[in-house]
Amino acid sequence: MLKGEVCLVLAVAAVAWSASAASQQTSSAKADAASIASYPSRPVRLINPFPPGGGSDAVAHLVSQRLFGRWNQNVVVDNRGGAGGAIGTDMAARATPDGYTLVMATASTVVVNPLINKVPFDPHKDFDAIVHTATVPLILVVHPSVPVKSAQELVALAKSRPGTLNISSSGEGTISHLALESFKLTTGTDMVHVPFRGGGPARNALLGAQVQGNFANLLSAAPHVKAGKLKALGVTTRKRATGLPDVPTLAEAGISGFEVVQWNGLLTPNGTPKPIIHKLNAEINDILTTPEMQKILITSGAEPEGGTPEEFMKFIRDDIAKWSKIVRASNIKVDR
């Protein structure tokens, strides 16, 4: 074969390969578009990185039930507690980024825990934001047998009995743990931190009088306060909670400058197709604005949020910056 003929054959082959590759890319793009358009075509897993019974679990179920009602497709809440929420959050970070694995993120799991512990995921790089679902006050509660009626009386009791009052938390490196450590520093008290694997077990230990107090998620604690099973001493936010208007803020109760806010929202593994993220964002924003959902959350003490994925990611980054300063100033460390 002459040199010119060889070149012609190679050129024809190159054109044919290019056309084949373009055809395959077009087919792949059409398949991806069809997959996104039909989303969700199978059950979606929503990981809650804590055991059942906590505030994030309550919001996860509220959202999953209403998504099922809209899609007629199961959204299964998968509780994976442990390590301050790091186990379940890491499972989500490692999942296929196809929109079929979501994770309920909180200030504990993607802000506080990574600041004071070694966690196997990077909250900046491993996730895409979907939507900020709710902001929730913490509430300082004690067992009814504890002989105090206010936060100031608890401080006095703790100072009279240093190292004897046991305060539960939802785990080392969680927001309830940091709230306790901040409270101890602010008030100059010595109380014992007793970590559990989630807010539900921490609250149950208090209900059973195995510990004396807890900085609880208001969503999960409010029913027990209203039933008289727990004694509320103050909420950790600047304003009183709508769901428990008679309970003062801790600042009002004499713990000047004290403020801790818990929040939750949905994330998905980094690289999830943007159309799926936008579909989830639109659906959940719509759910959060329904009168039924507003009533449930507000009555329970939470504030419904919503907004864009970009706003939620900025909120998380700002919260990390805020707590970084507090952790450094407080010298709070956890060995795990």
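Because the structure is predicted, anything quoted here is derived from the model rather than measured.

The rules behind the values
Residues numbered from 1 in each chain as written. Predicted model: local features only at pLDDT ≥ 70, side-chain atom pairs only at ≥ 80, totals over all residues. Heavy atoms only, no water. Helix = DSSP H or I, 4+ residues; strand = E, 2+ residues; numbered from the N terminus. Buried < 20%, exposed > 50% of the residue type's maximum accessible area, 1.4 Å probe, protein only. Contact = heavy atoms within 4.5 Å. Areas by Shrake-Rupley, 256 points an atom, 1.4 Å probe, with all protein chains shown as cover. Axes fitted to C-alpha atoms, helices over the stretch in contact; angles between N-to-C directions. Parallel < 35°, antiparallel > 145°, perpendicular 65-115°, else oblique. Phe/Tyr/Trp six-rings, centres within 6.5 Å; stacked < 30°, edge-to-face > 60°. Lys NZ or Arg CZ within 6 Å of the ring centre and 35° of its normal. Pairing = 2+ DSSP bridges. 1 Å grid on protein atoms, 1.4 Å probe; cavity = no way out; pocket = protein on both sides within 12 Å on 5 of 7 lines; lining within 4 Å. Points joined across faces, edges and corners; volume = space filled by probe spheres on them.

### Examining the overall build of the protein
Then step 1. Across its full length, the protein carries 11 helices and 10 strands.
Then step 2. Per-residue burial for the protein yields a buried fraction of 52% across its 336 residues.
Then step 3. If you take every contact in the protein between residues at least 6 apart in sequence, the share linking residues at least 24 apart comes to 80%.
Then step 4. If you sum the accessible surface of the protein, you get close to 15000 Å²; carbon and sulfur atoms cover 55% of it.

### Here's the deal with the packing of helix H2 (residues 55-71) against helix H9 (residues 274-288)
Then step 1. Look at H2 against H9: their axes get within 10 Å of each other, and the N-to-C directions meet at 110°. Considering the angle they form, H2 stands roughly perpendicular to H9. Only Lys279, Leu280, Glu283, Ile284, Asp286 and Ile287 of H9 make contact with H2, whose side of the interface consists of Val63, Arg66, Leu67, Arg70 and Trp71.

### Quick word on the environment of Leu206
Then step 1. Along the polypeptide, Leu206 turns up in helix H7 (residues 199-207).
Then step 2. Sequence-distant contacts of Leu206, that is, excluding residues within four places in its chain, are made with Val141, Val142, His143, Val211, Gln212, Gly213, Asn214 and Leu230.

### What about the packing of aromatic side chains?
Then step 1. A full pass over the atoms with the stated rule returns eight aromatic pairs.
Then step 2. On the basis of an interplanar angle of 85° and a centroid distance of 5.9 Å, the ring pair of Phe183 and Phe258 is categorised as edge-to-face. With Phe183 in helix H6 (residues 175-187) and Phe258 in the loop between strand E8 (231-235) and strand E9 (261-269), this residue pair connects regions lying 75 residues apart in the sequence.
Then step 3. Phe183 gets classed as buried once you look at its relative accessible area, which sits at 1%.
Then step 4. Its relative accessible area of 6% is what places Phe258 among the buried residues.
Then step 5. Here Trp263 and Phe312 contribute two aromatic rings whose centre-to-centre distance is 5.7 Å and whose plane-to-plane angle is 90°, an arrangement assigned as edge-to-face. On the criterion of sequence distance, the pair formed by Trp263 in strand E9 and Phe312 in helix H11 (residues 309-330) is long-range, its members being 49 residues apart.
Then step 6. Residue classification places Trp263 among the buried positions, given a relative accessible area of 1%.
Then step 7. By relative accessible area, Phe312 is classed as buried at 1%.
Then step 8. Among the aromatic side chains, those forming a connected cluster through ring pairs are Tyr39, Trp71 and Tyr100.
Then step 9. Over the aromatic face of Tyr100 sits the side chain of Arg42, whose NZ or CZ is 3.7 Å from the ring centroid.

### Here we look at the packing of helix H4 (residues 107-116) against H6
Then step 1. It is at 9 Å that the axes of H4 and H6 come closest, and there the two elements cross at 50°. Considering their axes alone, H4 and H6 lie oblique with respect to each other. Between H4 and H6, the contacting residues are Ala107, Ser108 and Val112 on the first element and Ile175, Ser176 and Leu178 on the second.

### Structural notes on the pairing of strand E5 (residues 166-169)
Then step 1. When E5 meets strand E6 (residues 192-195), the two strands line up parallel, connected through four bridges. Looking across to E6, one finds that Ser169 is bridged to Pro195.
Then step 2. As judged from the two bridges shared by E5 and strand E7 (residues 213-217), these two strands associate in the parallel manner. Directly across from Ile167, in E7, lies its bridge partner Gly213.

### Topic: empty space enclosed by the protein
Then step 1. Tallied over the entire structure, the rule returns one cavity of 30 Å³ or more.
Then step 2. Taken as a whole, the largest cavity holds about 220 Å³ of empty space.
Then step 3. Considering the residues around the largest cavity, the lining is formed by 21 residues, among which Gly55, Ser170, Gly199, Asn217 and Gln262 are closest to the centre.
Then step 4. Looking at which element gives the most residues to the lining of the largest cavity, the answer is E7, with four residues.

### Examining the side chain of Thr249
Then step 1. Looking at where Thr249 falls in the secondary structure, it is placed in the loop between E8 and E9.
Then step 2. A relative accessible area of 1% places Thr249 in the buried class.
Then step 3. Apart from the residues within four sequence positions on either side, Thr249 is in contact with Gly234, Val235, Thr237, Arg238, Lys239 and Arg240.

### Examining unusual backbone geometry
Then step 1. Cis rather than trans, the peptide bond between Tyr39 and Pro40 has omega equal to -5°.
Then step 2. Positionally, Pro40 belongs in the loop between helix H1 (3-37) and strand E1 (44-48).
Then step 3. With a phi angle near 55°, Ala83 is a residue other than glycine that sits in the positive phi range.
Then step 4. Mapped onto the fold, Ala83 is located in the loop between strand E2 (75-79) and helix H3 (86-93).
Then step 5. Positive phi outside glycine occurs at Ala209, with the angle close to 60°.
Then step 6. Turning to its location among the elements, Ala209 is positioned in the loop between H7 and E7.
Then step 7. Judged by its relative accessible area of 39%, Ala209 is partly exposed.

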